[in-house]
Amino acid sequence: MEIDSLHLEDDARQVFLAAPAAEPERQYYFMEQLHRMVGARAEAGDTVLTYQVETFGCQMNFRDSEKMAGILLASGFTEENGKHPDLVLINTCTVRENADERVYGHLGYLKKQKERNPEMVVVLCGCMMQEPHVVETLKKSYGFVDLVFGTHNIYKLAELLFLMYSGRKWQLMHPVKKNGKYRVRHEMLIDIAADADLIVEELPDERKYPFKASVDITYGCDNFCTYCIVPYVRGRERSRRPEDILSEIRKLASLGVTEIMLLGQNVNSYGKQFEGVTFYGLLQEIEKIDGIHRIRFMTPHPKDFPDELIDVIAASDKICHHIHLPLQSGSTEIIRRMNRHYTKESYLDLVRRIREKIPDAAITTDIIVGFPGETEEDFLDTLDVVRKAGFNGAYMFEYSKRTGTPAATMPDQVPEAVVKERFARLMETVQEAARKDLGDLTGSVQEVLVEEVDPDRAEGVTGRLTYNTLVHFPAPEGKNPEELIGSYLPVRLVENCGFYYIGVVA
Ligand code: 5AD
Ligand code: SF4
């Protein structure tokens with residue numbers, strides 16, 4: 001960003017130019033500056049600034065939001081769950097068109113709020129912002145947005161907020177109202193990087209749960225599935241250094257976290273850029289960390305799921321017996337056109353290899369219906385794989401055209417009515433297969449990690465099996481449901497309700 005284009009007042013400019021160049025020191029410097037500004041405002045008799053973070057999309061985005069919440073807290077803001085935050089940050093997703101539509105819908109609502117409360121700051125970031133046409137639309141039709149950045153500069157939130165608020169510094173430093181309202185000098189500050197320059201470690205974060213945590217292992221994606229926007233909006237694949245990941249997990253364990261979810265667009269390609277580093281090797285190291293009881297990961301790609309990984313999971317009593325293995329399509333020809341590098345047969349063979357060594361493995365999947373050129377025969381192959389693989393669950397999506405991806409310009413886009421009809425048949429087949437599979441556990445006693453108080457049942461709690469399946473059960477006599485959160489309990493599964501169980505503590 002060119003400093004001259006920012007029109008900073010002299011003192012803000014001086015502060016900006018004095019910032020250290022190295023990260024993360026630079027960001028801590030800006031957090032301190034913001035902290036001072038927020039404090040000065042409070043001293044002048046105004047309220048402490050509050051924030052609200054809203055997150056769309058996948059677990060990576062939720063993890064990014066935890067990091068941004070950490071930066072906001074370290075900058076002196078407090079969280080606000082009510083209706084009147086001073087700053088709203090929306091972390092966007094663009095994986096399918098309806099994700100975009102939800103963000104625009106939400107912006108419509110925020111526009112009305114901002115008309116009533118012009119000093120409220122609206123920040124947009126994340127995947128959708130990496131698409132140039134989105135930024136153009138924002139400039140044209142959503143001029144009330146204050147700050148826009150993408151996926152690559154999330155670590156710079158404090159610096160960007162400093163710059164944005166410096167344009168509005170009078171508001172922070174001298175909260176003077178005119179006719180009952182603050183005067184707002186408004187300019188949309190936009191900072192989008194085409195690709196990531198560096199991985200910044202050791203920034204603050206605010207984790208949502210005290211007992212479980214997500215940990216990024218790779219960023220970006222190099223697979224270029226032809227339907228998928230992710231490689232364009234999250235950039236090239238980069239792995240975090242094993243020692244950074246391990247020290248983060250050790251720290252989490254020391255804080256009481258017992259379940260770790262490792263995140264990457266393709267976890268099996270973890271470590272490619274380092275000598276002798278593999279994903280299953282990383283898993284073995286994580287297993288050694290005291291206090292970690294459950295290890296999950298998301299998402300492996302079926303094209304490279306080595307036997308060593310299956311062996312490591314089979315031999316472990318910490319790595320969960322749940323594998324999310326996106327199929328996308330069961331037709332070898334469609335898989336080829338999706339650029340996914342496996343076949344119907346090799347996918348089923350992988351499922352067989354997994355079940356051979358991990359007989360109780362729960363396998364879930366993602367399936368796209370209506371990829372361009374998908375014929376009835378192709379679709380029947382998908383149903384066939386669903387029946388043969390016996391998925392415990394599937395996320396199903398109608399194909400959504402994403403501008404800039406190769407599939408968007410492929411011929412033979414499937415008519416909507418056909419997609420809808422196939423989707424309904426797929427859903428039925430998935431449910432049938434899941435019902436059959438899940439039935440097996442009824443009557444058994446399983447370990448459950450209690451995650452929350454059951455919102456629908458008095459004195460009840462909700463937890464998860466190693467298979468990721470939800471279980472609802474009553475808190476034992478005399479136990480406060482709240483106090484059970486984060487504990488592992490043996491639970492007898494008494495009723496199979498399709499995608500969840502009802503149980504009793506054994
Ligand atoms: N249309 C429909 N579904 C998609 N997904 C990714 N891109 C698209 C698209 N263009 C689905 C895939 C992926 C999941 C996260 O989202 O199934 O695994
Ligand atoms: Fe959405 Fe994909 Fe970005 Fe996740 S990586 S937020 S699913 S676009």
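The shown structure was predicted, so the numbers you read here are calculated from the model rather than taken from an experiment.

About the cut-offs
Residues numbered from 1 in each chain as written. Chains lettered and ligands numbered in written order. Predicted model: local features only at pLDDT ≥ 70, side-chain atom pairs only at ≥ 80, totals over all residues. Heavy atoms only, no water. Pairing = 2+ DSSP bridges. Helix = DSSP H or I, 4+ residues; strand = E, 2+ residues; numbered from the N terminus. Axes fitted to C-alpha atoms, helices over the stretch in contact; angles between N-to-C directions. Near = heavy atom within 4 Å. Nonpolar A, V, L, I, M, F, W, Y, C, P; charged D, E, K, R; others polar. Domains from an automatic or database assignment. Parallel < 35°, antiparallel > 145°, perpendicular 65-115°, else oblique. Left-handed = near helix turned anticlockwise from the far one by under 90°. Contact = heavy atoms within 4.5 Å. Polar contact = N/O pair within 3.5 Å; in protein donor to acceptor, adjacent residues only side chain to side chain. Areas by Shrake-Rupley, 256 points an atom, 1.4 Å probe, with all protein chains shown as cover.

Enquirer: Teacher, can you tell me more about the sheet that holds strand β21 (residues 500–505) here?
Expert: Strand pairing in a sheet is mediated by backbone hydrogen bonds. Such pairs are either parallel or antiparallel. Reading around the circumference, β17-β18-β19-β21-β20 is the order of the 5 strands in this closed barrel, with mixed pairing throughout. Strand-to-strand twist in this sheet, taken as the mean axis angle between neighbours without regard to direction, amounts to 50 degrees. Here strand β17 (residues 445–453) runs beside strand β20 (residues 488–496); their pairing, made up of 5 bridges, is antiparallel. Residue pairing for β20: E447 is matched across the bridge by P490.

Enquirer: When you look at the site of ligand 2 in this model, what are you seeing that I'm missing?
Expert: For ligand 2, the full set of nearby residues is C58, N61, C93, T94, V95, C127, V230, R234 and Q265. By residue class, the composition of the shell around ligand 2 is 5 nonpolar, 3 polar and 1 charged. Residue-level mapping places the shell around ligand 2 at the junction of two domains, with at least three residues from each of domain 1 (3–191) and domain 2 (207–320).

Enquirer: How do you make sense of the sheet that holds strand β15 (residues 362–369) when you look at a structure like this?
Expert: Across the sheet, which stays open at both edges, the 3 strands sit in the order β14-β15-β16 with parallel pairing between neighbours. Each edge of the sheet is formed by a strand with only one pairing partner; in this case those strands are β14 (322–324) and β16 (393–398). Adjacent strand axes in the sheet meet at a mean angle of 15 degrees, parallel and antiparallel pairs treated alike. Pairing between β15 and β16: 6 bridges, direction parallel. Looking at the pairing, D366 lines up with Y395 of β16.

Enquirer: Can you walk me through the packing of helix α1 (residues 10–17) against helix α6 (residues 157–167) in this structure?
Expert: Working note: a packed helix pair is described by the angle between its axes plus the distance between those axes. Taken N-terminus to C-terminus, the directions of α1 and α6 make an angle of 165 degrees; their axes are 10 Å apart at the nearest point. Here α6 runs roughly antiparallel to α1, going by the angle between their axes. Of the two possible hands of crossing, α1 and α6 adopt the one that is left-handed. Across the interface between the two elements, A12, V15 and F16 of α1 pack against E159, F162, L163 and S166 of α6. Looking at the contact of α1 with α6 residue by residue, the classes come out as 5 nonpolar, 1 polar and 1 charged.

Enquirer: Explain the site of ligand 1 to me, please; I cannot follow it from the model alone.
Expert: Near ligand 1, the surroundings consist of V95, R96, Y227, Q328, D366, I368, F397, E398, Y399, S400 and R402. In the environment of ligand 1, an oxygen atom lies 2.7 Å from a nitrogen or oxygen atom belonging to the side chain of R96. Out of a free accessible area of 400 Å², ligand 1 has 85% covered by protein chains. Put simply, the parts of the chain that give the shell around ligand 1 at least two residues each are β15 and β16.

Treat this as a map of the structure, not an account of what it does.
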